[in-house]
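Fold and geometry: a report
Below, each chain spelled out in residue letters.
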Amino acid sequence: MVSFEHDIKPLFREDDRDAMDFVFDLWNYDDVRANADNILERIKDGSMPCDEEWPQERIELLERWIQEGMPA
Ligand code: HEM
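Source: prediction; values computed, not measured. (Residues numbered from 1 in each chain as written. Predicted model: local features only at pLDDT ≥ 70, side-chain atom pairs only at ≥ 80, totals over all residues. Heavy atoms only, no water.)

1. With respect to the site of the ligand
What surrounds the ligand is a group of 16 residues, the closest being Met20, Asn38, Arg42, Met48 and Cys50. One of the side-chain nitrogen or oxygen atoms of asparagine 38 is found 2.8 Å away from an oxygen atom of the ligand. Arginine 42 has a polar side-chain atom sitting 2.7 Å from an oxygen atom of the ligand. If you list the elements that add at least two residues to the shell around the ligand, you get α2 (14–20) and α4 (36–44). Counting residues per element, the shell around the ligand draws most heavily on α4, which supplies four residues. Within the shell around the ligand, the residues separate by chemical class into 12 nonpolar, one polar and three charged. (Near = heavy atom within 4 Å. Polar contact = N/O pair within 3.5 Å; in protein donor to acceptor, adjacent residues only side chain to side chain. Helix = DSSP H or I, 4+ residues; strand = E, 2+ residues; numbered from the N terminus. Nonpolar A, V, L, I, M, F, W, Y, C, P; charged D, E, K, R; others polar.)

Below, the structure is given as structure tokens:
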């Protein structure tokens, strides 16, 4: 099972968290869950993070977590 604490939270750098804290907290389960569609869309279209694109395997992990109901 893919979990937020074990698998997803570590994907977000401290810089990501700091850059995005005007919208949501990427290290907070409830925030990421509530904004998951928006987050996935921006990562998939390559516009976020602002300085690099995620490798495909990391995108797939995030997608799998969402499909599995976003376990904490
Ligand atoms: C994996 C890490 C990141 C994710 C998932 C992410 C996600 C997002 C999302 C979903 C939005 C749209 C927010 C809205 O709907 O209002 C957004 C906007 C924005 N993000 Fe990020 N972000 C990440 C990292 C970063 C980094 C590293 C920077 C720059 C240092 C950055 C700068 C911005 C800025 C300036 C905006 C507002 C302008 C825009 O919508 O393009 N983000 N981000």
